[in-house]
Amino acid sequence: MAFAFGQVRSRSGLTFTMMGVQAEASRPIIHADNLSKVYAAGRIMVAAVREVSFEVKPGEFVAIVGPSGSGKSTLFYLLGGLTRASEGRVLIDGVDFATLTDAERTRLRRHRIGFVFQKFNLLPTLSAIGNIEIAYKISGRKEPMDRAYLDHLSDLLSIRGRLEHRPSELSGGEQQRVAIARALITRPAIVLADEPTGNLDTKNSDAVLKMLVRSNRELGQTTLMITHNPEAAAIAGRILHMRDGEIHKIESGAGAFGGPNGASQPKAESGISTV
Ligand SMILES: Nc1ncnc2c1ncn2[C@@H]1O[C@H](COP(=O)(O)OP(=O)(O)O)[C@@H](O)[C@H]1O
Ligand SMILES: [Mg+2]
């Protein structure tokens, strides 16, 4: 595994500092190894995730699709190290979450993963921009937040005029798009998004999906998007289908990179060059 630090010029003309991952194609960035999660609800045990195993290669765009209650959000929490597995392991870059201290796990999350939560989890007392800024601050990035990149994200997500507002003054769809900007502002190596289009109309949903694909391509991000919507899932390189806590089918999507299994490198025509 090699980390590449360099300047990246995107098709939009913005120059990004890239902290991407140039890995041997064989090394998974996410490895779910026989994962199970059982919730105890009173006397009843709910097996929300059952013996799930899969690998995600660096730069892949993977969708997890399944009906409500199939265990998608539980899997999201497991993969993000936000809840402990009852059985099995999650490895990020080969590191098992369970072997880390709480502080180490928090650091790994903040540095490497951008989360889009199904319920947004915006801080109610801060404005939209305040939420984005605080996420950037706690990510521990040394360089100041790139305002041009924020403008770029805000324009693509159509929230530029809404940034001074608090979450309670925003619609569900606007809060969702703020939550997406907050996840992407740090240019994380991994984006985990739980139903990122769940509250959006068709137009905004399309904009968000394009944004995630673009971010995945231009920054070489690894993206794992959870959705109950098969049409949204179709944009992924690979689609994992969940039912009753299990992955029962894996298929290729139209593909961010077009490859049958999701290629691990951006296409040349994405306009990216690292130096
Ligand atoms: N904290 C919890 N305690 C008990 N049961 C839970 C908890 N969270 C989720 N579940 C149950 O686990 C199953 C999977 O839920 P979830 O992961 O939220 O599914 P999805 O995101 O696909 O809708 C459901 O039956 C749900 O009721
Ligand atoms: Mg869910």
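Please refer to the structure higher up on the page.
Overview of the structure. (Residues numbered from 1 in each chain as written. Chains lettered and ligands numbered in written order. Predicted model: local features only at pLDDT ≥ 70, side-chain atom pairs only at ≥ 80, totals over all residues.)

1. Points about the sheet that holds strand β6 (residues 87-92)
Then, in step 1: The strand order across the open sheet built from 4 strands is β4-β3-β6-β7, with neighbouring strands paired in antiparallel fashion. Two strands bound the open sheet, and with one partner strand each, they are β4 (44-56) and β7 (95-96).
Then, in step 2: By the bridge criterion, 2 bridges tie β6 to β7 in an arrangement that is antiparallel. When the bridges of β7 are listed, isoleucine 92 appears paired with valine 95. (Pairing = 2+ DSSP bridges. Helix = DSSP H or I, 4+ residues; strand = E, 2+ residues; numbered from the N terminus.)

2. Structural notes on the sheet that holds strand β8 (residues 113-116)
Then, in step 1: Overall, mixed pairing links the 6 strands, which are arranged β8-β9-β10-β5-β11-β12 in an open sheet. Two strands close off the open sheet at either side, each with one partner strand: β8 and β12 (246-252). Across the sheet, the mean angle from the axis of one strand to that of its neighbour is 15 degrees, orientation sign disregarded.
Then, in step 2: Bridge count between strand β5 (residues 61-65) and strand β11 (residues 238-243): 4 bridges; the pairing is parallel. In the strand pairing of β11, alanine 63 is matched with isoleucine 239. (Axes fitted to C-alpha atoms, helices over the stretch in contact; angles between N-to-C directions.)

3. Brief notes about the environment of alanine 181
Then, in step 1: Structurally, alanine 181 can be placed in helix α5 (residues 172-184).
Then, in step 2: Its 25 C-beta neighbours within 10 Å are what place alanine 181 among the buried residues.
Then, in step 3: The spatial distance from the C-alpha of alanine 181 to the C-alpha of leucine 150 is 7.7 Å, given a sequence separation of 31 residues.
Then, in step 4: Other than its neighbours up to four places away in sequence, alanine 181 contacts Ile132, Leu153, Ser154, Leu157 and Ile159. (Buried ≥ 20, exposed ≤ 12 C-beta atoms within 10 Å, placed from the backbone. Contact = placed C-beta atoms within 7 Å.)

4. Structural notes on the pairing of β8
Then, in step 1: In β8, alternate side chains face the same way, and those of Ile113 and Phe115 on one face and Gly114 and Val116 on the other are all buried.
Then, in step 2: Relative to strand β9 (residues 190-194), β8 runs parallel, the two being bridged by 4 bridges. From the neighbouring strand, glycine 114 faces β9, where its bridge partner is valine 191.

So far we have only geometry, and geometry alone does not tell us how the molecule works.
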